[in-house]
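Given next are the chains, with one letter for each unit.
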Amino acid sequence: MKHRATRNTRPVRTILKALRDGGLGSRRELAEAIKTGRVKVNDQLVESYSMPLADTDIVKLDDKIVELDSSSVKVYIILNKPIGIISTTDDPQGRTTVLDLLPEDYQRCQLVPIGRLDENTTGLMLLTNDGELTYRLTHPRFGVEKEYLVAIDGALSVTQVEELESGIELDDGLSAPAKVNPVLKRPYNYRIIIHEGRKRIVRRLFAAVGHQVRVLKRIRIGSIELGDLKEGDYRRLTLPEIRHLARSGVSDKQQRKFTPRTGKTVKQPTGSSKMVD
């Protein structure tokens with residue numbers, strides 16, 4: 001299956017800054033190189049110091065390809081994971097991973113998945129090399145919402161819905177209250193919103209009230225929705241999306257006060273930051 005990107009080629013930095021960040025010379029030296037026609041992007045002469053540069057562009061200095069530090073460029077990707085794909089960066093068994101769905105250029109960006117999905121779960125995955133954002137979205141203290149569509153046989157009783165919304169005692173502790181609503185979106189018949197990331201938590205919650213999950217799809221993390229992104233496709237997040245995502249899970253007051261690992265926020269139920277749903 002061929003995977004394709006939807007349109008979103010937002011530039012990440014200027015050519016002069018990219019060359020400078022790559023340690024290829026001083027700002028003055030590199031500006032002079034651009035001015036004298038020694039720099040090309042995708043085999044086209046660079047005519048402006050502020051030319052926008054995407055991390056997939058090929059840059060040449062004196063007709064030699066230069067390797068820029070892709071890890072210094074913050075990359076934010078949303079991907080619709082198909083069934084059977086492994087949501088890790090590498091698999092010892094040689095199975096297809098989410099990184100295999102991306103162009104080779106992204107392999108240098110040191111991307112990691114934010115919130116893994118098991119092999120049989122589909123839907124929204126975020127990948128980034130922004131460690132601070134990863135911490136904010138996965139640490140239980142922030143309670144970032146994750147929304148799923150669920151297909152089960154039969155229907156939940158009123159009592160079972162109340163159990164899910166109150167919290168259920170699992171083998172690794174009490175679950176946080178969830179929000180559960182019926183939906184008419186075949187094959188799905190329920191929507192659940194959680195804000196914790198314990199391993200296979202959604203499947204375990206429904207099993208705890210006597211229902212096996214047949215089909216499971218994540219459609220939202222924080223403020224980012226899957227929307228109409230097709231299965232196997234990906235796109236770059238826009239700057240407004242990144243800004244909203246960075247504010248997910250905390251109030252404006254908490255946002256101003258928080259500093260990673262030292263900030264104080266409302267305590268959330270404990271759970272692994274390496275969520276696999």
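About the criteria used
- Residues numbered from 1 in each chain as written.
- Predicted model: local features only at pLDDT ≥ 70, side-chain atom pairs only at ≥ 80, totals over all residues.
- Heavy atoms only, no water.
- Salt bridge = Lys/Arg side-chain N within 4 Å of Asp/Glu carboxyl O.
- Helix = DSSP H or I, 4+ residues; strand = E, 2+ residues; numbered from the N terminus.
- Buried < 20%, exposed > 50% of the residue type's maximum accessible area, 1.4 Å probe, protein only.
- Pairing = 2+ DSSP bridges.
- Phe/Tyr/Trp six-rings, centres within 6.5 Å; stacked < 30°, edge-to-face > 60°.

A. The arrangement of the pattern of salt bridges in detail. This structure, assessed with the given rule, holds 17 salt bridges. Across the pair R95 and E119 runs a salt bridge, and its minimum N-O distance is 3.6 Å. Pair noted here: R95 is in the loop between β7 (76-81) and β8 (112-114) and E119 is in the loop between β8 and β9 (122-128), with a separation of 24 residues, a long-range link. Residue E119 is classed as partly exposed on the basis of its relative accessible area of 33%. For R200, the salt bridge goes to D118, with nearest N and O atoms at 3.1 Å. One end of the pair, R200, is in the loop between β14 (188-194) and α5 (201-208); the other, D118, is in the loop between β8 and β9, with 82 residues separating them in the sequence. Given the relative accessible area of 35%, R200 is considered partly exposed. Look at D118 and you get buried, because its relative accessible area is 8%. The structure contains a network of salt bridges with shared partners spanning E145, E147, K179, R191 and R220.

B. Summary view of the sheet that holds strand β2 (residues 39-41). Overall, antiparallel pairing links the four strands, which are arranged β3-β2-β5-β6 in an open sheet. Looking at strand neighbours, the two that pair on one side only are β3 (44-45) and β6 (64-65), the edges of this open sheet. Taken together, the two bridges between β2 and β3 define a ladder with antiparallel strand orientation. Paired with K40 across the strands is L45, a residue of β3.

C. Region of the structure containing the pairing of β14. In terms of residue burial, β14 counts as a mostly covered element, since six of its seven residues are buried. Of the strand pairs in this sheet, strand β10 (residues 146-152) and β14 are connected by five bridges, and their pairing is antiparallel. Opposite K146, over in β14, you have I194 as the bridge partner. The antiparallel hairpin formed by strand β13 (residues 179-185) and β14 contains two residues in its connecting segment.

D. View of the packing of aromatic side chains. Tallied over the entire structure, the rule returns two aromatic pairs. When the ring of Y106 is compared with that of Y234, the centres are 6.1 Å apart and the planes differ by 80°; the resulting orientation is edge-to-face. Here the residue Y106 occupies a position in the loop between β7 and β8, and Y234 occupies one in strand β17 (residues 234-236), the gap between them amounting to 128 residues. Y234 shares its class with Y106; the two are buried. Ring geometry for Y135 versus F142: centroids 6.1 Å apart, planes at 80°, classification edge-to-face.

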